[in-house]
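# Examining the three-dimensional arrangement
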Amino acid sequence: MAQHTLSNGRHLAFPFRIGTDGRTVAPASDDTHVRDEVLQLLLTSPAERLFLPEFGGGVRRLVFEPASETLRGVVKARITNALTRWLGHRLTVQLVDVTWDDAGATLEVTVSYLPAGSADARIVRFQRNSR
């Protein structure tokens, strides 16, 4: 199996910004860069990018849907498919977990992944509270 490396030193930080030295800010590490890519992918809606209309996780479109087992399955499927399709060369998805608390009106998504070339898992969590 080929070993994938990430760093070529030419990445831009997400969100894009200008540093105090007047240059574009770069991610601090490969781990930060992969995490930025995960966030960018999941928070982008399909058709949002003009020249890449299929890119995106589409999670934001589900924010106002009622919490249910169906929504849970849809969220898991969209996230897993998006990560595998667009970032499968950069990471391996270990877990996508969706939980909700009706009393707190909170939906929480946990994504665990292994960056390419790393044996250590990383976790990204999203939470929506409708109150």
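Conventions and cut-offs
- Residues numbered from 1 in each chain as written.
- Predicted model: local features only at pLDDT ≥ 70, side-chain atom pairs only at ≥ 80, totals over all residues.
- Heavy atoms only, no water.
- pLDDT = per-residue confidence, 0-100.
- Helix = DSSP H or I, 4+ residues; strand = E, 2+ residues; numbered from the N terminus.
- Contact = heavy atoms within 4.5 Å.
- Pairing = 2+ DSSP bridges.
- Axes fitted to C-alpha atoms, helices over the stretch in contact; angles between N-to-C directions.
- Buried < 20%, exposed > 50% of the residue type's maximum accessible area, 1.4 Å probe, protein only.
- Polar contact = N/O pair within 3.5 Å; in protein donor to acceptor, adjacent residues only side chain to side chain.

### Topic: the confidence of the model for the protein
Mean pLDDT over the protein stands at 84; residues scoring 70 or higher make up 91%. Least confident of the elements in the protein is strand β3 (residues 122–129), whose mean pLDDT is 86; most confident is helix α2 (residues 69–87), at 92. pLDDT under 50 marks residues 1–5. Its contacts with residues more than four places away, or in other chains, come to four contacts.

### Some thoughts on the sheet that holds strand β2 (residues 106–115)
Reading across from one edge, β1-β2-β3 is the order of the three strands in this open sheet, with antiparallel pairing throughout. Each having just a single partner strand, β1 (91–101) and β3 make up the two edges of the open sheet. The sheet shows a mean angle of 15 degrees between the axes of neighbouring strands, direction not considered. Here ten bridges tie β1 to β2, and the two strands are oriented antiparallel to one another. Residue pairing for β2: V96 is matched across the bridge by V111.

### Focus: the side chain of S45
Relative to the helices and strands, S45 resides in the loop between α1 (30–43) and α2. Look past the residues within four positions of S45 in its chain and what remains in contact with it is F55, G58, R60 and R61.

### A few points about the side chain of E37
Structurally, E37 can be placed in helix α1. When its relative accessible area of 14% is taken as the criterion, E37 is described as buried. At 3.0 Å, the side chain of E37 and the side chain of R90 are in polar contact.

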